[in-house]
Amino acid sequence: MSIEKDVVIFLGNNTVTKERCSYYLHCSGYKVKYQLEIDAREHSRQIILFDFTHPMIDFDTLLAYFNNNISVPILAIINDEFIRSELYQKGIQDYIFYPIDDKELTYRVESGINYYYNNKEDSNLTIEMNKMAGYIHDVNCESAEKKLVKKTCQYLIDNIDKKFCLDGLAREMGTNRSKLSATFRLVLNKSVFEWLRKERMLLAKYYLVSTRMSIQQVSLEVGYTNAANFSTLYKKSFNLSPREQRNILRINQ
């Protein structure tokens, strides 16, 4: 019996978070759905990703239903105002802070699925999670530099189709270009625009393999008015042109 892709079921009303998580997970090889299929085949491993950053209608009833009727691990996306002690009382195995870090998201999904479905005697979810020490975001312990980088990254993601200049971006963040550039180098070991280009290419990949948008439309959605320039940068990132990417990695084929 063949094993299907692990399935992440995203439940939440925040469109930005939904799109961001979806393209990270798609690009990491996961299949993403937005409703639970009760009759899913037994050889398909699933995890539920609940987004707590936007209110859901009758959330407690929905969560109680999952806990009582469907045996799957649950990962929550929370902000710094959420009372984390309530998570375990609700039956949620793990949580991740918003804004999302791609490496932390994919690692926690992978760890949650592997621990829940394999459950080896020598496995310990706490140990697994501690491996993510470099990516765990405790907002109460963050440095000013890390807070500035997170704020800037979220602003860029929320406006990813816009054009930016370093001076204007720095003013928007309440700092200057030298401070912003130096802080990015310190925290992420790359420039602002190196980071932004990677995010744009990942989002473009998601659009190419999971939507019917034209390459020109994809280019505009991720902030490039010149489709030829976009194609050149895409091939440099993935060693494939956008057209080649669409032909071999279409998610829903």
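Residues numbered from 1 in each chain as written. Predicted model: local features only at pLDDT ≥ 70, side-chain atom pairs only at ≥ 80, totals over all residues. Heavy atoms only, no water.

1. Looking at the overall build of the protein
- When helices and strands are tallied, the protein shows 12 helices and 5 strands.
- Within the span of the protein, comprising 253 residues, buried residues form 44% of the whole.
- At a minimum sequence separation of 6, the contacts of the protein that also span at least 24 residues come to 64%.
- Counting every atom, the protein has about 13,900 Å² of accessible surface; 47% of that belongs to carbon and sulfur. (Helix = DSSP H or I, 4+ residues; strand = E, 2+ residues; numbered from the N terminus. Buried < 20%, exposed > 50% of the residue type's maximum accessible area, 1.4 Å probe, protein only. Contact = heavy atoms within 4.5 Å. Areas by Shrake-Rupley, 256 points an atom, 1.4 Å probe, with all protein chains shown as cover.)

2. Brief notes about the environment of F230
- Mapped onto the elements of the fold, F230 is located in helix α11 (residues 227–238).
- A residue is classified by how much of its surface remains accessible, and F230, at 0% relative accessible area, is buried.
- In the structure, F230 is positioned 11 residues away from S219 in sequence and 6.1 Å away in space, judged by C-alpha atoms.
- Excluding residues within four positions of it along the chain, F230 makes contact with M201, A204, I215, V218, S219, V222, Y224 and P242.

3. Focus: the confidence of the model for the protein
- Looking at the protein, the pLDDT average stands at 77 and 75% of residues meet or exceed 70.
- Across the protein, the element-wise mean pLDDT spans from 42 in helix α5 (residues 125–130) up to 93 in helix α10 (residues 215–221).
- Segment residues 120–141: pLDDT under 50, and 32 contacts once partners within four positions in sequence are set aside and those in other chains are kept. (pLDDT = per-residue confidence, 0-100.)

4. Describing the sheet that holds strand β2 (residues 31–33)
- The 5 strands are arranged β2-β1-β3-β4-β5 in an open sheet whose pairing can be described as parallel. The open sheet terminates on both sides in strands that have one partner only, identified here as β2 and β5 (94–97). Between one strand axis and the next, the sheet turns through 25° on average, direction left out of account.
- When strand β3 (residues 46–51) meets strand β4 (residues 74–78), the two strands line up parallel, connected through 4 bridges. Pairing of F50 across the sheet is with A76, part of β4.
- Against the sheet, helix α1 (residues 15–27) contacts β1 (7–11), β2, β3 and β4, and its axis sits at roughly 175° relative to β1. (Pairing = 2+ DSSP bridges. Axes fitted to C-alpha atoms, helices over the stretch in contact; angles between N-to-C directions.)

5. A look at the packing of α1 against helix α9 (residues 192–210)
- The interhelical angle for the contact between α1 and α9, taken along N-to-C directions, is 80°, at an axis separation of 9 Å. Relative to α9, α1 is oriented roughly perpendicular. Together, E19, R20, S22, Y23, Y24, H26 and C27 of α1 and E199, L202, L203, K205, Y206 and Y207 of α9 make up the contact between the two elements. (Parallel < 35°, antiparallel > 145°, perpendicular 65-115°, else oblique.)

6. Concerning the nonpolar core
- In terms of nonpolar packing, the biggest core is built from 47 residues, with C21, L25, L49, L105, V109, L180 and F230 touching the most fellow members.
- No other element matches the 10 residues that α9 contributes to this core.
- Residue contacts for L105: discarding those within four places in its chain leaves C21, Y24, L25, L49, I96 and I100.
- If you look at the next biggest cluster of nonpolar residues, it comprises 14 residues, including I9, L63, I74 and I78. (Core = buried A, V, L, I, M, F, W, Y, C linked by side-chain atoms within 4.5 Å.)

7. Overview of the packing of aromatic side chains
- All told, the structure shown has 7 aromatic pairs when counted by the stated rule.
- Residues Y155 and F164 carry aromatic rings whose centres are separated by 6.2 Å and whose planes lie at 65° to one another, so their mutual orientation is edge-to-face.
- We classify Y155 as partly exposed; its relative accessible area is 26%.
- Geometrically, the ring pair formed by Y224 and F230 is tilted, given 6.0 Å between the ring centres and 35° between the ring planes.
- Look at Y224 and you get buried, because its relative accessible area is 11%.
- Ring pairs connect the aromatic residues Y224, F230, Y234 and F238, which therefore count as one cluster.
- Its end group placed over the ring of Y224, R200 keeps NZ or CZ at 5.3 Å from the ring centre. (Phe/Tyr/Trp six-rings, centres within 6.5 Å; stacked < 30°, edge-to-face > 60°. Lys NZ or Arg CZ within 6 Å of the ring centre and 35° of its normal.)

8. Topic: the pairing of β5
- Of the two faces of β5, the one lined by D94 and I96 and the one lined by Y95 and F97 are each fully buried.
- Across 4 bridges, the pairing between β4 and β5 is parallel. Across the sheet, residue I77 finds its bridge partner in β5, namely I96.

9. What about the packing of helix α8 (residues 177–188) against α9?
- Direction vectors running N to C along α8 and α9 enclose 60°, while the axes themselves pass 9 Å from each other. In terms of orientation, α8 lies oblique with respect to α9. In this structure, α8 uses L180, F184, R185 and L188 to contact α9, whose residues at the interface are V192, E194 and W195.

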